[in-house]
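# A closer look at the structure
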Amino acid sequence: MDAHGWPKTTDVHGWPFLIARGHRAGYRTLLAPAPLLAVGDHTVLADHVEPGAVPDRPGVIALTTPSGRPISVVHATRQVSAADLGQADAPRDEHGRPLHLLYGFVCLHARTVTPDEADLRTALTTALTVYRTFLANENGFATEAAKPFPLRSTLEPAAPERHRAVARIAVAAVVLAVLLAGLRWVGVPDEPSPPGPAPTVPADTKPCPPGWG
Amino acid sequence: MDIVLGIFVLAGIVAAVMAFLDSGLPWRGGPPPGEAGIRAAVPTFRVVALGLPGSGKTLLLASMYNELQTPSRQSYYLSAAEGDVARLTGWFAQMADTTRADQWPRGTFTSETRHFSFGVRARAGDTVHEVLRLDLLEYAGELLTDAAETDSGRRTELFDQVRSAHALLGIIDGGRIRQHLDGDPQGWTELHRTLNILVPHLIGASCPVSFVVTKWDLLAHLHQDENTRLALVRDLLMSNEHFRTLVRLHSDRRVVRLIPVSAVGPGFASVDASGHVVKNRSAQARPAYVDVPLSAVVPDLFDQAEMGLDATLRAALREEARHHLWRAPLERLRTAAMLTFQTSGRALLHALGSPAAAVAGDVLMGMFLDSRAMIAGLGRPGAGAQAGEAERRIDEFVRVRRQVLQDMRAKPAMLEGRLPSSRLPER
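This structure is a prediction, so every number in the text was calculated from the model and none was measured. (Residues numbered from 1 in each chain as written. Chains lettered and ligands numbered in written order. Predicted model: local features only at pLDDT ≥ 70, side-chain atom pairs only at ≥ 80, totals over all residues. Heavy atoms only, no water.)

### A closer look at the overall build of chain B
Condition: The numbering of helices and of strands both runs from the N terminus, where a helix is a DSSP run of H or I of at least 4 residues and a strand a run of E of at least 2. Here's how the labels work: a residue is buried when its accessible area is under 20% of the maximum for its type, exposed when over 50%, partly exposed in between, all with a 1.4 Å probe on protein chains only. Two residues form a contact once any of their heavy atoms are found within 4.5 Å. Computed by Shrake-Rupley with a 1.4 Å probe, the accessible areas treat only the displayed protein chains as cover when residues are assessed.
The helix and strand inventory of chain B stands at 18 helices and 10 strands. Across the 427 residues of chain B, 57% fall into the buried class. Across chain B, the fraction of contacts at a sequence separation of at least 24, relative to all contacts at a separation of at least 6, is 76%. Summed over its atoms, the accessible surface of chain B is roughly 17400 Å², and 54% of this surface lies on carbon and sulfur atoms.

### Considerations on the overall build of chain A
Secondary structure summary: chain A contains five helices and 10 strands in total. Each of the 213 residues in chain A was classed as buried or not, and the buried ones make up 47%. Taking contacts inside chain A between residues at least 6 apart in sequence as the whole, the part at least 24 apart equals 72%. For chain A, the computed accessible surface area is about 11000 Å², with 60% contributed by carbon and sulfur atoms.

### Quick look at the packing of helix α13 (residues 311-324) of chain B against helix α15 (residues 343-352) of chain B
When two helices pack together, their arrangement is given by the angle between the helix axes and by the axis-to-axis distance. Residue and element names in this part refer to chain B. Selection criterion: Angular values range over 0 to 180 degrees, each being the angle between N-to-C directions of two axes fitted as lines to C-alpha atoms, with helices fitted over their stretch in contact. Throughout, the term roughly parallel applies to angles under 35 degrees, roughly antiparallel to angles over 145, roughly perpendicular to angles from 65 to 115, and oblique to all others. Classification used: nonpolar for Ala, Val, Leu, Ile, Met, Phe, Trp, Tyr, Cys and Pro, charged for Asp, Glu, Lys and Arg, polar for all others including Gly.
α15 packs onto α13 with a crossing angle of 105° between their chain directions and a minimal axis gap of 9 Å. With respect to each other, α13 and α15 are oriented roughly perpendicular. Between α13 and α15, the contacting residues are L313, A316 and L317 on the first element and T343, S344, A347 and L348 on the second. The residue makeup of the contact of α13 with α15, split by class, is five nonpolar, two polar and no charged.

### Details of the packing of aromatic side chains
Definition in use: What counts as a ring pair is set by centres within 6.5 Å for rings of Phe, Tyr and Trp (its six-membered ring), and what kind of pair is set by the plane angle: stacked under 30 degrees, edge-to-face over 60, tilted for all other angles.
Scanning the model with the defined rule gives 10 aromatic pairs over all chains in all. On the numbers, 5.4 Å between centres and 80° between planes, the contact of F134 of chain A with F141 of chain A is edge-to-face. Residue F134 of chain A shares its accessibility class with F141 of chain A, and that shared class is buried. These aromatic residues form a ring-pair network of at least three members: Y65, W91, F116 and F118 of chain B.

### Here we look at the packing of helix α3 (residues 57-68) of chain B against helix α4 (residues 82-96) of chain B
Residues and elements named next belong to chain B. Relative orientation of the contacting elements α3 and α4 amounts to 105°, with a least axis distance of 9 Å. Our classification of the angle between α3 and α4 gives roughly perpendicular. Contacts between α3 and α4 pair T58, L59, L61, A62, S63, Y65 and N66 from the former with V85, L88, T89, W91, F92 and M95 from the latter. The residue inventory of the contact of α3 with α4, partitioned by class, reads nine nonpolar, four polar and no charged.

### Describing unusual backbone geometry
Residues and elements named next belong to chain B. Here the amide bond leading from L424 into P425 is cis, since omega sits at -15°, within 30 degrees of zero. Mapped onto the elements of the fold, P425 is located in the segment after β10 (423-424). Of note in the backbone geometry, K215 takes a positive phi value of approximately 55° without being a glycine. Here K215 lies in the loop between β6 (209-214) and α9 (226-238). Residue K215 is classed as partly exposed on the basis of its relative accessible area, which comes to 21%.

### Remarks on the sheet that holds strand β5 (residues 167-173) of chain B
Residue and element names in this part refer to chain B. As a reminder, the rule being used: If DSSP finds at least two bridges between two strands, the strands pair.
What the eight strands build is an open sheet, ordered β2-β3-β4-β1-β5-β6-β7-β10; its pairing is mixed. Edge positions in the sheet fall to β2 (76-79) and β10, since each has one partner strand and no second. For β6 and strand β7 (residues 256-260), the ladder comprises five bridges, and the chain directions are parallel. Within β7, the position partnered with F211 by the bridge is L258. Packed onto the sheet, helix α18 (residues 389-418) meets β2, β3 (114-124), β4 (127-138), β7 and β10 and runs at close to 45° relative to β4.

### What to know about α4 of chain B
All names here are of chain B. In plain terms, the rule: Multiply 1.5 Å by the residue count of a helix minus one, and that product is the helix's expected span. Along the arc lie the directions from the helix axis toward the C-beta atoms.
A rise of 1.5 Å per residue sets the reference length of α4, with its 15 residues, at 21 Å; its end C-alpha atoms lie 21 Å apart and thus fit the reference within 8%. What α4 keeps buried is the set D84, L88, W91, F92 and M95. Angularly, the buried residues of α4 cover 95° about the axis, an arc narrow enough to put them on a single face. What points out from α4, more than 90 degrees from its buried face, is the exposed set E82 and A86. Against the buried residues of α4 lie α3, β3, β4 and β9 (277-279).

### Describing the pattern of salt bridges
As a reminder, the rule being used: Whenever Lys or Arg places a side-chain nitrogen within 4 Å of a carboxyl oxygen from Asp or Glu, that contact is recorded as a salt bridge.
Tallied over the entire structure, the rule returns 27 salt bridges over all chains. For R78 of chain A, the salt bridge goes to D84 of chain A, with nearest N and O atoms at 3.0 Å. The burial state of R78 of chain A is the same as that of D84 of chain A; both residues are buried. In this structure, the salt-bridge partner of R178 of chain B is D182 of chain B, at a minimum N-O distance of 2.8 Å. R178 of chain B sits in the buried class, given a relative accessible area of 18%. With a relative accessible area of 46%, D182 of chain B lands in the partly exposed category.

Here it is as structure tokens:
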């Protein structure tokens, strides 16, 4: 474990999370991995994990937390059904809109995840339990710290920070050298291109293999 | 400050003149003559709608796009990126679908914060001109209300946008007004909470501020006369001290509007016994006034800037606008740029208020002069027979832009004519 309580090697556990709104209370993180919650890093989930279009179909996104830790997030979206809450009618918010869960699990340190369906079911079970507790007391509910569960999903570890930093510097040096050589060869361009927009998501989302959802 | 402003303006002039000269060089290939000069004259106006969760921001956006996606009732229409068109039409389709009485689009997640960039376009013959761009931020209302996740980067993004906005819309949930009038105390509580959250963000704004009352169709039972209905809502809002103070402070030197909108139109939805809004199966969506808030942005910005000037400077600018019409396209570009150095031009740029206005000062100046000439009802000749292709093209662009500004101004003016209570304060 490091100073923040993070495992130094690839963690083979998943940490469930849940973002949802209630009948009256707005969207918020209801369940977050304990290590993220402890240092305020859980905000990265609500900021960057986007709902999917297909119910319960997982997506995987690699993120970097505000404190600089790489994580992988397996996430899915689900409209809350009457059966989910053990009631007769489908629940709605006070404006008459359907309620949705954005749930899944977080893999600390892993950069690549091939999710196993069973892991997502485990995360959903935990998320629904938390969600029912939240609906019973929306105003008084505080974000719960999730406990880890063993994963069946396939993980690949994140490259160590130092190696990645060296790789970034090397790539930047090569790009700079090529640019300088190019400028010397063609001269200074008369119409430099405008800079592109800054990325808001630190890494890409990739679709899951066929067979899901 | 003046030196910095001068540097920005100088950079703008150099860019505009370079772009114009570039457009006239036949051997360079690429876009048609004049196109680069036109592109350099397309400013972007940023608009932020501040509203609590469930107040109807997303549906207003979808319905507004649906209304303005073709030039059916005005010369201009909105263009958007393909992905954004898919999102907006998807939301509208889900909203307008009456086969599922309770199926409304879900609320926006924080992670779905997104900039929608609309091109305001109009056609002249076979040519489509983009006259200006409108940038709207779509976000989760929880960013305004939820203190639990205070470190959210999305919140920082929202308030950065608020600070640099050219226009702010305060969204007031008509459903809460209905709730209050139906005797539910939650309605009054939420209405005051809304105003207490919105007013501090709006009171310090230097840009035009409008209040938009959403779900206007749910208030149809208030009174059969629509203006009386709006006056009742206005009086209800004015009973909040903070709202009243904001209107008093802002209406001294700017237009403050109260715009009722319905994303679905009258008779489309009703409130059921449990207080939920449900669709009427036999109804069709006929949005009302959803095109007004966005159409009012540029005219209100220019009006506010002019109202901020003293009578002498206003007269100087109006005189300049009169001369502006009779100049050749290239000369018009140059004089608009030169005006930014003169006292009246500098005062106007200051009144427009944002650093972005200074960067594109000559562009805004040209638009402003055209809009003032339009208000004064002045006509203008076409490009002369000796004009080159680039000049004719720029001349056509300026004519189209003028028509667009005229049509934009007509929308809030028509609303004011129909509902005088939409201008605050109106007693």
